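# Examination of the molecular architecture
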Amino acid sequence: MKKQILNIGKALNKAEQKSINGGWIPDLSKACGYVLFNSIESQCLGLGYVYQPIWNAATGKCSALGQGKNCEELDPVLI
């Protein structure tokens, strides 16, 4: 039983491993506005206050505020 538990990482493919570990966090330093991504609660809420993380347990997703500085704003007249 112990050997099966120790070797579980080898039995899972990359997608399965990401779903368990929460996946990757996008580069929030370049993103504008809020970014929604798959995560786990501790990974999401560990981002820090400046990113204003919001964890949604029902969907397993995290919403965080990007910190991009050179983002283009849409002109409301053109929308």
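Residues numbered from 1 in each chain as written. Predicted model: local features only at pLDDT ≥ 70, side-chain atom pairs only at ≥ 80, totals over all residues. Heavy atoms only, no water.

Moving on: the overall build of the protein. A count of helical and extended segments in the protein gives four helices and three strands. Looking at the protein as a whole, 20% of its 79 residues qualify as buried. For the protein, restricting intrachain contacts to residue pairs at least 6 apart in sequence, the fraction spanning at least 24 positions comes to 33%. A total accessible area of about 6,500 Å² is found for the protein, and carbon and sulfur atoms account for 59% of it. (Helix = DSSP H or I, 4+ residues; strand = E, 2+ residues; numbered from the N terminus. Buried < 20%, exposed > 50% of the residue type's maximum accessible area, 1.4 Å probe, protein only. Contact = heavy atoms within 4.5 Å. Areas by Shrake-Rupley, 256 points an atom, 1.4 Å probe, with all protein chains shown as cover.)

This brings us to the environment of Gly 68. With respect to the helices and strands, Gly 68 occurs in the segment after strand E3 (61-65). Considered as a pair, Gly 68 and Leu 28 are 40 residues apart in the sequence and their alpha carbons are 7.2 Å apart. Here Gly 68 is in contact with Leu 28, Ser 29, Lys 30 and Ala 31, once residues within four sequence places are set aside.

Another point: unusual backbone geometry. In the Ramachandran plot, Gln 52 falls in the positive-phi region, its phi being about 45° despite a non-glycine side chain. Mapped onto the secondary structure, Gln 52 falls in the loop between helix H4 (41-45) and strand E2 (54-56).

In this model, the protein carries an average pLDDT of 75, and 61% of its residues clear a pLDDT of 70 or more. Within the protein, the lowest mean pLDDT, 51, falls on helix H1 (residues 2-6), and the highest, 94, falls on E2. (pLDDT = per-residue confidence, 0-100.)

A few words now on the nonpolar core. Core analysis: the biggest nonpolar cluster contains eight residues, these being Leu 28, Ala 31, Val 35, Phe 37, Cys 44, Leu 47, Cys 62 and Ala 64. At the level of elements, strand E1 (34-38) and E3 are the ones that each hand at least two residues to this core. (Core = buried A, V, L, I, M, F, W, Y, C linked by side-chain atoms within 4.5 Å.)

Ordered by their spatial adjacency, three strands build an open sheet running E1-E3-E2, and the pairing between neighbours is antiparallel. Across the chains shown, the open sheet's two edge strands, defined by having one partner strand only, are E1 and E2. Each adjacent strand pair in this sheet contributes to an overall mean axis angle of 20°, direction not counted. Where E2 lies against E3, three bridges are found, and the strand directions are antiparallel. By the bridge assignment for E3, Trp 55 is matched with Cys 62. (Pairing = 2+ DSSP bridges. Axes fitted to C-alpha atoms, helices over the stretch in contact; angles between N-to-C directions.)

Time to look at the pairing of E1. The alternating pattern of E1 places Val 35 and Phe 37 on a buried face, while none of Tyr 34, Leu 36 and Asn 38, on the opposite face, is buried. Two strands pair when backbone bridges link them, and E1 and E3 are joined in this way by five bridges, in the antiparallel orientation. Within E3, the position partnered with Phe 37 by the bridge is Cys 62.

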